[in-house]
Amino acid sequence: MAVSGANPYEAGVAQRTTLTEQQLSILRWIADGCPDGVMEGSAYRISAAALRSRGLLTISGRGRAWSARVTDAGREYLGKAGSPDPPVARQANVSVTQQLVDDVIAAGGTLRVPRRRWNDRDGVDYAHRARLAERHRKVPVGTRLVVVAASDEELEIRPVDAPELVAISALVPVVVPDRVGRYHEAARLFRDRSDHHEVSRDLVGRATRIIHAIAIEAERRRWSADAPTGSANRRGVNGWTGAKGGHLRIAAGGHVFWLRVQEHGVQIRGRWEEEVQRSRTLLRTSTYYQDRQLRSGAYDAAAVGRLKLELLCANYWIYGGRQSRWTDGRSWTLEERIPHLFREIEERIAHAIRDAEEKRLAADARAAAARREAEERERQWGVLMDQARARLAGAHRAGHLREQAADWHEADRLRRYCDAAHAAHGENPATREWLVWARSYIAELDPLSQPPVEPAPVEATANALQEHLPPGWSARGPDGGQTR
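**Q** Could you clarify how one ought to interpret the packing of aromatic side chains in this entry?
**A** Any aromatic ring pair is given by two values, namely how distant the centres are and how the planes are angled relative to each other. A full pass over the atoms with the stated rule returns three aromatic pairs. Pairing Trp-437 with Tyr-441 gives two aromatic rings, centres 5.6 Å apart and planes at 5°, and the pair type is stacked. Pair noted here: Trp-437 and Tyr-441 are both in helix H12 (residues 429-445), with a separation of four residues, about one helical turn. Through a chain of ring-to-ring contacts, the aromatic side chains of Trp-434, Trp-437 and Tyr-441 assemble into a single cluster.

This is the structure:
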């Protein structure tokens, strides 16, 4: 365990001995007095918090009041970093999503990876990892990763252009004013609908200004912003619930989003006060209601002073795993997270566009595959029908030939009988008369009495052809019974 006051780069057992280039640059920036135009956004505060845990910084305040100072240990580290023999910068940790993008680039733009089976608990779900890489902006700006099945055993991952993502690559600052002369209509309704409040009385003004700033920024982007009416159900006052109606509705690009502003520890005011009133008027002798009334107090009695903003939308399952909540933190305020809210909305719109496009392409691919299958089925059916006609004609000729051969054998047998009868009783007048008729009949029966020819063509009816088709096929059409 590190000893208090020890230099952190000497406590190798407790923590890593050197900083990354990014951490060192932040430490130098703070030592220079945090000049403007160097660090963008607020992500640097996360690294600063890590430097504080190493004893290199002290941090005070949050939001706009955030400030940091370099400790003696931090100045000592900066001195060593500027010496002729500086500490070797530690390589920054690489996330699995960043590693996937790096591997795709290193593979020349197309990466083959193992395909995870449904029952393989230890395998990597690369399709999910690719989506996470996009969500956390690990892919180059204006591109996204496409995952397709290369075979039964492998997936293929490659980057493709995504122009819809270019416009949302940077955060756009949103200013929440300290004072507002005229509130946006949605903000005014939020302020006046006290039964919908999920913030304490002390923070209603701040929450109203946040709603106002979001509504103004939404309209600046040519979106619409208004106060939702809520859903009609038996829960809450006037059928309103925060999870169903939200406090602000934004319509953008054919998509609708709801925003809900809450404070940790605060109940929905209208529902809470309605329940308290019920406990006072019904079953006053009930232990449950007495206890509930004693526990109730004010709806904001347990308020902790931290606001939370929640993003709600229809078809929420499409956006599973995406960030939907922003809150006051130790190093930032909710106001500073509003740009992230708008970027999330833009990314969800782009995600929905991409999802719709992928569904359209998949539907087109299925339709094209169905057309190819139908064309191939029709081609196969035509071949099988030609073969069936040939088999039917052949069977008809073969049957006729067998009949001719049978008649010829019968005529030969009868002719030999007539010859024997003439030899035995040819002098008998009655026998001679009978043999005359018999030989006439044999001449008619014998197919060789005249040159043999093929029979007349057989009528190729559906029933006749069906006997000459393989199982699962119908003579009445390509779709009339093929088995799949």
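Now that the structure is up, let's keep going.
**Q** Can you help me understand the confidence of the model for the protein in this one?
**A** It should be kept in mind that the predicted coordinates are not to be read in detail where pLDDT is low. Across the protein, the average pLDDT comes to 83, with 85% of residues at or above 70. When mean pLDDT is compared element by element in the protein, helix H7 (residues 204-220) scores highest at 96, while helix H10 (residues 287-296) scores lowest at 53. Note that pLDDT drops below 50 for residues 1-15; the model gives that stretch 18 contacts with residues more than four away or on any other chain. Below a pLDDT of 50 lies the segment residues 231-238, which in the model reaches 18 contacts outside its immediate sequence neighbourhood of four places, other chains included.

**Q** Which parts of the structure should I look at to understand the nonpolar core?
**A** A general tendency of soluble globular proteins is for nonpolar side chains to be buried together. Counting residues in hydrophobic clusters, the biggest one holds 34 residues, and the most contacted among them are Ile-214, Trp-223, Leu-248, Ile-250, Leu-259, Leu-341 and Ile-345. Of all elements in the fold, only helix H6 (185-192), H7, strand E7 (248-252), strand E8 (255-263), strand E9 (307-313) and helix H11 (334-425) reach the threshold of two or more residues within this core. No other element matches the eight residues that H7 contributes to this core. When near neighbours in sequence (up to four residues on either side) are disregarded, Leu-259 contacts Ile-214, Gly-246, His-247, Leu-248, Ile-250, Leu-309, Glu-310, Leu-311 and Leu-341. Counting 20 residues, the second largest nonpolar core, distinct from the first, contains Trp-29, Tyr-44, Val-70 and Ala-73.

**Q** Just to check I follow, could you spell out the sheet that holds strand E6 (residues 224-226) for this structure?
**A** Picture the strands of a sheet paired through backbone hydrogen bonds; they go either parallel or antiparallel. Pairing is antiparallel across the open sheet formed by five strands, whose spatial order is E6-E7-E8-E9-E10. The outermost strands of the open sheet, each flanked by one partner alone, are E6 and strand E10 (325-327). Direction aside, the axes of adjacent strands within the sheet are offset by 20° on average. Judged from the five bridges that link them, E7 and E8 form a sheet pairing that is antiparallel. For Ala-252, the partnering residue across the bridge sits in E8 and is His-255.

**Q** For this particular structure, what's the right way to read the sheet that holds strand E3 (residues 111-114)?
**A** Within the open sheet, the three strands sit side by side as E3-E5-E4. Their pairing is antiparallel. Looking at which strands have only one partner, the edges of the open sheet turn out to be E3 and strand E4 (143-149). Pairs of neighbouring strands in the sheet enclose a mean axial angle of 30°, with direction left out of account. Pairing geometry for E3 and strand E5 (residues 154-161), over four bridges, is antiparallel. Counted as the bridge partner of Arg-112 is Glu-156 from E5.

**Q** Any chance you could explain the packing of helix H1 (residues 21-31) against helix H2 (residues 44-53) here in plain terms?
**A** For any two helices packed against each other, the geometry comes down to the angle between their axes and how far apart the axes lie. One way to put it is that H1 packs onto H2 with a least axis distance of 10 Å and a crossing angle of 90°. With respect to H2, the element H1 is oriented roughly perpendicular. Contacts between H1 and H2 involve Gln-23, Ile-26, Leu-27, Trp-29 and Ile-30 from the first element and Tyr-44, Ser-47, Ala-48, Ala-50 and Leu-51 from the second. Split by residue class, the contact of H1 with H2 holds eight nonpolar, two polar and no charged.

**Q** Looking at this structure, I do not really get the pairing of E4. What am I missing?
**A** Strand residues, when the strand is regular, have side chains that alternate between the two faces of the sheet. Sheet topology note: the E4/E5 ladder contains seven bridges and is antiparallel. When the bridges of E5 are listed, Leu-145 appears paired with Pro-159. Joining the antiparallel neighbours E4 and E5 is a turn of four residues.

**Q** Is there a simple way to explain a nonpolar patch on the surface in this structure?
**A** On the surface, Tyr-417, Trp-434, Trp-437 and Tyr-441 cluster together into a nonpolar patch covering about 510 Å² of accessible area. Along the chain, the position of Tyr-417 falls in helix H11.

**Q** For this particular structure, what's the right way to read the packing of H1 against helix H3 (residues 72-81)?
**A** The interhelical angle for the contact between H1 and H3, taken along N-to-C directions, is 115°, at an axis separation of 11 Å. For the element pair H1 and H3, the recorded crossing hand is left-handed. For the pair H1 and H3, contact is made by Leu-24, Leu-27, Arg-28 and Ala-31 and by Gly-74, Tyr-77, Leu-78 and Ala-81, respectively. Of the residues in the contact of H1 with H3, the class split is six nonpolar, one polar and one charged.

**Q** Where do I start with unusual backbone geometry in this structure?
**A** The bulk of non-glycine residues show a negative phi, and the bulk of peptide bonds are trans. Here Cys-34, not a glycine, exhibits a phi torsion of approximately 55°, which is positive. As for its position among the elements, Cys-34 is in the loop between H1 and H2. A relative accessible area of 23% means that Cys-34 is categorised as partly exposed. Positive phi is not limited to glycine here, since Arg-222 has a value of about 65°. Relative to the elements of secondary structure, Arg-222 occurs in the loop between H7 and E6. The exposed category is assigned to Arg-222, whose relative accessible area is 80%.

Parameters and conventions
Residues numbered from 1 in each chain as written. Predicted model: local features only at pLDDT ≥ 70, side-chain atom pairs only at ≥ 80, totals over all residues. Heavy atoms only, no water. Phe/Tyr/Trp six-rings, centres within 6.5 Å; stacked < 30°, edge-to-face > 60°. Helix = DSSP H or I, 4+ residues; strand = E, 2+ residues; numbered from the N terminus. pLDDT = per-residue confidence, 0-100. Contact = heavy atoms within 4.5 Å. Core = buried A, V, L, I, M, F, W, Y, C linked by side-chain atoms within 4.5 Å. Buried < 20%, exposed > 50% of the residue type's maximum accessible area, 1.4 Å probe, protein only. Pairing = 2+ DSSP bridges. Axes fitted to C-alpha atoms, helices over the stretch in contact; angles between N-to-C directions. Parallel < 35°, antiparallel > 145°, perpendicular 65-115°, else oblique. Nonpolar A, V, L, I, M, F, W, Y, C, P; charged D, E, K, R; others polar. Patch = residues over 30% accessible without salt bridge, like charges linked within 9 Å, V, L, I, M, F, W, Y side chains within 5 Å. Areas by Shrake-Rupley, 256 points an atom, 1.4 Å probe, with all protein chains shown as cover. Salt bridge = Lys/Arg side-chain N within 4 Å of Asp/Glu carboxyl O. Left-handed = near helix turned anticlockwise from the far one by under 90°.

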